[in-house]
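Residues per chain, in single letters:
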Amino acid sequence: MPRPKLDPYQFAPEIAPLALAELAGLVSELGVSPEQLCADVGISNSDMCAGELISNRQVARLIRRAIQLTGRSDLGLEVGRRQNISHFGLPGFAMTAMRTFGEAVELGLRYQGQSGGLMDVTSEFDDQFAALLGQARTNDPVVETFVVEELFASVMVLVRILLGDGYRPHAIELAYAAPPHAARYAEIFNCPIKFGQPRHRALFPRQWFTLPLASHSPVAAAELRTLLEARARRQQAPNTVTAIEHVLQQTGNVAMSVEEVASALGLSTRTLRRRLTEAGTSFRALSERLRSQEAQHLLRDEGLTVAEASEQLGFSDARAFRRAFKRWVGEVPGAMRRARIAP
């Protein structure tokens, strides 16, 4: 029986952590430290604040942990409603420069991968309404409720930024049953809410999409579109190798074992090794290449001693590090360090 294919989009780093950094700030206010929230997730709060990309699996872990540690089922609504235009990244600023609300929505959908969205969003139109549809990337109902709430609450923020405070959706349709905090929906959305529907949809009057934006700037719009398109061209489809490299390149992770990396990615060690074999490489080859790069950086750029670099890279002693370095680079580490400090 053939093995099921592992979806690389679940574990490769591709999501800008804009909303997750906001989640970390919120749970901190509720008495949960960033260290508690990020424990065993494979990324730290400082990494998120620095813009390190994270995977869908890490997103799900952070959300489940946040709800468990705070006891709050409405965190998705809170994260969404607390956002401002900067939380949508470059696409958010570009949306404000568009000519009409419709053009802004079209741009936001086109470049949603760069704005840190936690769902896949599409649109559809009929004679009366335009609908934004959200498709969750998880089968976990707790995580799904969070990401749907975060999406539509943040959409309300964008609507008010672009059009003004007086605008509200015609209705919001949700595929899940009413959660314990359903009463909060009326406060945030100020429109009819329908639970147990076939899809997650926010319905807006179609005539909104022709409304001009007061913040329109043709020059800024053109410049920002160019930047967004350049970023889009640089993006690559995620894969197992990319995911492992991302984990090992985070601060202090280069010496992680295959078991530790597999745990950080939410995979079994056996599955991780198999996927690397399918990609034509091995964990040892990836790890040694990245350790070699880090070793040279520590000796040449940071000025660490051989003993200090050996310890930071996880070697049992400096002798083992010297042997590995000679194999990687073709010279002993002391020669590289002496070259750095030579006048």
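Okay, so let's go over this structure. (Residues numbered from 1 in each chain as written. Predicted model: local features only at pLDDT ≥ 70, side-chain atom pairs only at ≥ 80, totals over all residues. Heavy atoms only, no water.)

**Structural notes on the packing of helix H11 (residues 240–249) against helix H13 (residues 269–278)**
Quick reminder of the rule: The convention used is that axes are lines fitted to C-alpha atoms, helices contributing only their stretch in contact, and that angles between N-to-C directions extend from 0 to 180 degrees. Numbering of helices and strands runs from the N terminus; a helix is a DSSP stretch of H or I covering at least four residues, while a strand is a stretch of E covering at least two. Between 65 and 115 degrees an angle is taken as roughly perpendicular, under 35 as roughly parallel, over 145 as roughly antiparallel, and anywhere else as oblique. In what follows, a contact means two residues having at least one pair of non-hydrogen atoms within 4.5 Å. When residues are sorted by character, Ala, Val, Leu, Ile, Met, Phe, Trp, Tyr, Cys and Pro go into the nonpolar class, Asp, Glu, Lys and Arg into the charged class, and all the rest, Gly among them, into the polar class.
The N-to-C vectors of H11 and H13 enclose an angle of 120 degrees; their axes lie 9 Å apart at closest approach. Here H13 runs oblique to H11, going by the angle between their axes. Where H11 approaches H13, its residues Thr 240, Val 241 and Ile 244 are matched on the opposing element by Leu 272, Arg 275 and Leu 276. Here the contact of H11 with H13 is composed, by residue class, of 4 nonpolar, 1 polar and 1 charged.

**Concerning the pairing of strand S2 (residues 129–135)**
Short version of the rule: Relative accessibility decides the category of a residue: with a 1.4 Å probe and only protein chains considered, values under 20% of the type maximum give buried, values over 50% give exposed, and everything between is partly exposed. One bridge is not enough; two strands pair if DSSP finds at least two bridges between them.
Counting buried positions along S2 yields 6 of 7 residues, so the element is predominantly enclosed. Both strand S1 (residues 120–125) and S2 contribute to a ladder of 6 bridges, which runs antiparallel. What sits directly across from Thr 122, in S2, is Leu 133. The antiparallel hairpin formed by S1 and S2 contains 3 residues in its connecting segment. The sheet contact formed by S2 and strand S5 (residues 200–205) spans 6 bridges and is antiparallel. Directly across from Leu 133, in S5, lies its bridge partner Arg 201.

**Focus on unusual backbone geometry**
Excluding glycine, a negative phi dihedral is what most residues carry, and trans is how most peptide bonds are arranged. Here the phi dihedral of Asn 190 falls at roughly 55 degrees; this positive angle occurs in a residue that is not glycine. Secondary-structure assignment places Asn 190 in the loop between helix H9 (183–189) and strand S4 (193–194). For Asn 190, a relative accessible area of 47% corresponds to the partly exposed category.

**Re the state of the cysteines**
The condition is simple: Any cysteine sulfur atom paired with another within 2.5 Å is treated as part of a disulfide.
Per the counting criterion, the structure on display carries 0 disulfides. Of the cysteine sulfurs around Cys 38, a residue in no disulfide, the closest is that of Cys 49, at 8.8 Å. When its relative accessible area of 8% is taken as the criterion, Cys 38 is described as buried.

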